[in-house]
Amino acid sequence: MTPRPLTQRERDLIEFYSHCELGMTPKQFYRKWQVTYEMIAAICFRSLSTVNGWFARGRHYRRPMPNDLRNLALMNFVLEHFEEIPEELWSLLCRPSRNQGS
């Protein structure tokens, strides 16, 4: 299969996205939404012990990675705008896993 060539518009979108500074700290997300550490772990694809480290103080503190900040910012965006996102886009973006049914 041959990769599809990019148009100038697609290159511009990649350039725009690559400079988009999406980020929300775990503490900001936790203060804004009534979530548990377990939910934050699921959003960021991390273990609960890793998330506990993000909220720890002193030598047990662990800094979240940039991907964690981006995942929380994206989830924040989805929570704020999910009603505006057409169902067709949801079905393209987030296909149910086999465990959740079809």
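What this report covers is the structure whose coordinates are included nearby. (Residues numbered from 1 in each chain as written. Predicted model: local features only at pLDDT ≥ 70, side-chain atom pairs only at ≥ 80, totals over all residues. Heavy atoms only, no water.)

### Things to note about the environment of Lys-27
Tracing the chain through its elements places Lys-27 in helix 2 (residues 26-32). Classification of Lys-27 by relative accessible area gives partly exposed; the value is 37%. A C-alpha to C-alpha distance of 7.2 Å links Lys-27 and Phe-55, two positions 28 residues apart in sequence. Excluding its chain neighbours within four sequence positions, the residues that come into contact with Lys-27 are Trp-54 and Phe-55. (Helix = DSSP H or I, 4+ residues; strand = E, 2+ residues; numbered from the N terminus. Buried < 20%, exposed > 50% of the residue type's maximum accessible area, 1.4 Å probe, protein only. Contact = heavy atoms within 4.5 Å.)

### Quick notes on the packing of aromatic side chains
All told, the structure shown has three aromatic pairs when counted by the stated rule. Relative to Tyr-37, the ring of Tyr-30 has its centre 5.2 Å away and its plane inclined at 65°; by these criteria the two rings are edge-to-face. For the ring pair Tyr-30 and Phe-55, a centre distance of 5.5 Å and an interplane angle of 65° mean the geometry is edge-to-face. With Tyr-30 in helix 2 and Phe-55 in helix 4 (residues 48-55), the pair connects residues that are 25 residues apart, well separated along the chain. Three or more aromatic residues joined by ring pairs form one cluster here, namely Tyr-30, Tyr-37 and Phe-55. (Phe/Tyr/Trp six-rings, centres within 6.5 Å; stacked < 30°, edge-to-face > 60°.)

### Structural notes on the packing of helix 3 (residues 37-44) against helix 5 (residues 66-81)
Between helix 3 and helix 5, the shortest axis-to-axis distance is 9 Å and the interhelical angle comes to 105°. It follows from the interaxial angle that helix 3 and helix 5 lie roughly perpendicular. Contacts between helix 3 and helix 5 involve Ile-40, Ile-43 and Cys-44 from the first element and Asp-68, Asn-71, Leu-72 and Met-75 from the second. Taken together, the residues of the contact of helix 3 with helix 5 break down into five nonpolar, one polar and one charged. (Axes fitted to C-alpha atoms, helices over the stretch in contact; angles between N-to-C directions. Parallel < 35°, antiparallel > 145°, perpendicular 65-115°, else oblique. Nonpolar A, V, L, I, M, F, W, Y, C, P; charged D, E, K, R; others polar.)

Function cannot be read off these values alone, since they describe shape.
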